[in-house]
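Tertiary structure, described
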Amino acid sequence: DSGVTQTPKHLITATGQRVTLRCSPRSGDLSVYWYQQSLDQGLQFLIQYYNGEERAKGNILERFSAQQFPDLHSELNLSSLELGDSALYFCASSEGGNRANEKLFFGSGTQLSVL
Amino acid sequence: DAKTTQPPSMDCAEGRAANLPCNHSTISGNEYVYWYRQIHSQGPQYIIHGLKNNETNEMASLIITEDRKSSTLILPHATLRDTAVYYCIVRPDTGRRALTFGSGTRLQVQP
């Protein structure tokens, strides 16, 4: 158990809909990272938040947004869903977010299926 | 980000050492080498990381060449539960420090 909690574990929805994925980082961790893993793209970094503020952006679509709340949990919002958005979405956390010598701990993921 | 090159797949006999190579010839400065693994569709699991010196923990050993252009992850006594995709990642020490995953090595431990 990494200490990172993601909910829900599975989500099935239809095209055009909007969903919210939730992540609770390990106790004491200030950074949260979101990753997408699809069969053809592998693990892709989406976005990082540090202590409530956006720290880095990766390959995140404009239809996707995220935020980190004062209690440090994070939510990833996916809107106008398309079939191609079906993927595993992972959240990771780290203590700081500003050091290269820092481990990331991953949650068990949310499996999103868009039908 | 420094690019890494890993063989797409490897086999190892149960109980034997698994040696997973990684080439990172463009590594520079204070970039760290990280190893993660992903078992089936579970979340990636941290294994080990290092900068210049060899490192060992309860899971594995990391051997980094003196010029830092390549490294080897060693699982000393592979078990069936070590069957997974292993990712070698070079993490920048400036700018965006999120881990960038490549395609990794699929290690199959054979009974």
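Above this text you will find the structure in question.
Cut-offs and rules
- Residues numbered from 1 in each chain as written.
- Chains lettered and ligands numbered in written order.
- Predicted model: local features only at pLDDT ≥ 70, side-chain atom pairs only at ≥ 80, totals over all residues.
- Heavy atoms only, no water.
- Helix = DSSP H or I, 4+ residues; strand = E, 2+ residues; numbered from the N terminus.
- Buried < 20%, exposed > 50% of the residue type's maximum accessible area, 1.4 Å probe, protein only.
- Contact = heavy atoms within 4.5 Å.
- Lys, Arg positive; Asp, Glu negative; His and termini not counted.
- Charge placed at Lys NZ, Arg CZ, Asp CG, Glu CD.
- Salt bridge = Lys/Arg side-chain N within 4 Å of Asp/Glu carboxyl O.
- Pairing = 2+ DSSP bridges.

Looking at the overall build of chain A
- Along the backbone of chain A there are zero helices and 11 strands.
- From first element to last, N terminus to C terminus, chain A shows the α and β order β-β-β-β-β-β-β-β-β-β-β.
- Principal-axis analysis of the C-alpha atoms gives chain A an extent of 40 × 30 × 30 Å.
- Out of the 115 residues belonging to chain A, those deemed buried represent 51%.
- For chain A, the share of sequence-separated contacts (at least 6 apart) that also reach a separation of at least 24 residues comes to 56%.
- For chain A, the separation between the mean place of its 9 positive charges and that of its 12 negative charges on side chains is 3 Å.

Some remarks on the interface of chain B and chain A
- In this assembly, 20 residues from chain B lie in contact with 21 residues from chain A.
- Put simply, chain B and chain A have zero salt bridges between them.
- With four residues, strand β3 (residues 32–38) of chain B is the largest single contributor of residues to the side of chain B that touches chain A.

Describing the pairing of strand β6 (residues 53–57) of chain A
All names here are of chain A.
- Of the pairings in the sheet, the one linking strand β5 (residues 42–50) to β6 comprises four bridges and is antiparallel in character. Along β6, the bridge assignment pairs Y50 with E53.
- Adjacent in sequence and paired antiparallel, β5 and β6 are bridged by two residues, among which N51 carries a positive phi angle near 50°.

So, the pattern of salt bridges
- Applying the stated rule across the entire model yields four salt bridges over all chains.
- For D85 of chain A, the salt bridge goes to R63 of chain A, with nearest N and O atoms at 2.8 Å. Residue D85 of chain A is located in the loop between β8 (74–78) and β9 (87–94), and its partner R63 of chain A is located in the loop between β6 and β7 (64–68); the two are separated by 22 residues in the primary sequence.
- Across the pair R37 of chain B and D82 of chain B runs a salt bridge, and its minimum N-O distance is 2.8 Å. Of this pair, R37 of chain B sits in strand β3 while D82 of chain B sits in the loop between β7 (70–75) and β8 (84–91), and the two are 45 residues apart along the sequence.
- The network of salt bridges with shared partners includes R63, E82 and D85 of chain A.

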